[in-house]
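Okay, here's what each chain looks like letter by letter:
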Amino acid sequence: MFKYSKLSKYKIKKILYCFSMDLTALQTAEFLKLNRNTINRYYKLFREGLLRYCESQKPFSGEVELDESYFGGKHHKGKRGRGSENKIPVFGILKREDKVYTQIIPNSTSETLLSIVKEKIQLDSIVYTDSFRAYNHLSINGYKHYRINHSKEFARGKNHINGIENFWSYCKMRLAKFHGLKREEFLLHLKESEFRFNNRNSDLYKMMFQAITKF
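In this report, the structure presented in the accompanying data block is examined. (Residues numbered from 1 in each chain as written. Predicted model: local features only at pLDDT ≥ 70, side-chain atom pairs only at ≥ 80, totals over all residues. Heavy atoms only, no water.)

## Some details on the side chain of N159
Point 1. In this fold, N159 is placed in the loop between β5 (144-148) and α5 (162-175).
Point 2. In this structure N159 comes out as buried when scored by relative accessible area, which is 8%.
Point 3. Here N159 is in contact with Y128, Y146, R147, I148 and F154, once residues within four sequence places are set aside. (Helix = DSSP H or I, 4+ residues; strand = E, 2+ residues; numbered from the N terminus. Buried < 20%, exposed > 50% of the residue type's maximum accessible area, 1.4 Å probe, protein only. Contact = heavy atoms within 4.5 Å.)

## Some points on the layout of surface pockets
Point 1. Put simply, the largest pocket is a space of about 560 Å³.
Point 2. Along the walls of the largest pocket sit 24 residues, with N40, R47, F178, E185 and H189 positioned nearest its centre.
Point 3. For the lining of the largest pocket, the elements supplying multiple residues, two or more each, are α2 (25-32), α3 (36-55) and α6 (183-198).
Point 4. A per-class count over the lining of the largest pocket returns ten nonpolar, four polar and ten charged.
Point 5. Considering only enclosed or pocket space, the second largest pocket measures out at about 270 Å³ in volume.
Point 6. Among the elements of the structure, β1 (63-71), α5 and α6 are those that each provide at least two residues to the lining of the second largest pocket.
Point 7. When grouped by side-chain class, the residues that make up the lining of the second largest pocket number seven nonpolar, five polar and three charged. (1 Å grid on protein atoms, 1.4 Å probe; cavity = no way out; pocket = protein on both sides within 12 Å on 5 of 7 lines; lining within 4 Å. Points joined across faces, edges and corners; volume = space filled by probe spheres on them. Nonpolar A, V, L, I, M, F, W, Y, C, P; charged D, E, K, R; others polar.)

Here it is as structure tokens:
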């Protein structure tokens, strides 16, 4: 990031600081009196670094919540939730009182979701989901599985997926400020939101600097 840059390390760190404060590229360009294209280039480099860092994290264990959500596009009459068209489907895994992991998925079939679960969640973990049929095979694959039927209730003691749903709300609210993202840009912004959520109680600038310069 620093080696071949025409900007000084000091300037790059100032850009990263503005990025950590969640300023837009335009706000940062105006504040630092730099070309917006330059800021856009560095913001993309930062997001690529956060993506690599997020993907390098160890599998989860303990109490874990699973859910899918859908981003972008427009609703069509008769098409809602898991049946929405023109939306990007995202699968989320949240370890309670800890971190979240997200992945764009081609579909929400049992095969697709289970392959991610096996990679990202250790066996013998306690897994909470809603009643979506794609989760039917979790218990026979070595996970202790509890499900909540949202047509009847949203929580029963520890049986809920409120944590991952809170993340979806945070992510959608944060991404709304961009007034629509190109499909090819969505992953980087998704993983940035994941990183911000996971480090919400830490010094974001420090955490981002460490994550971006790690690779």
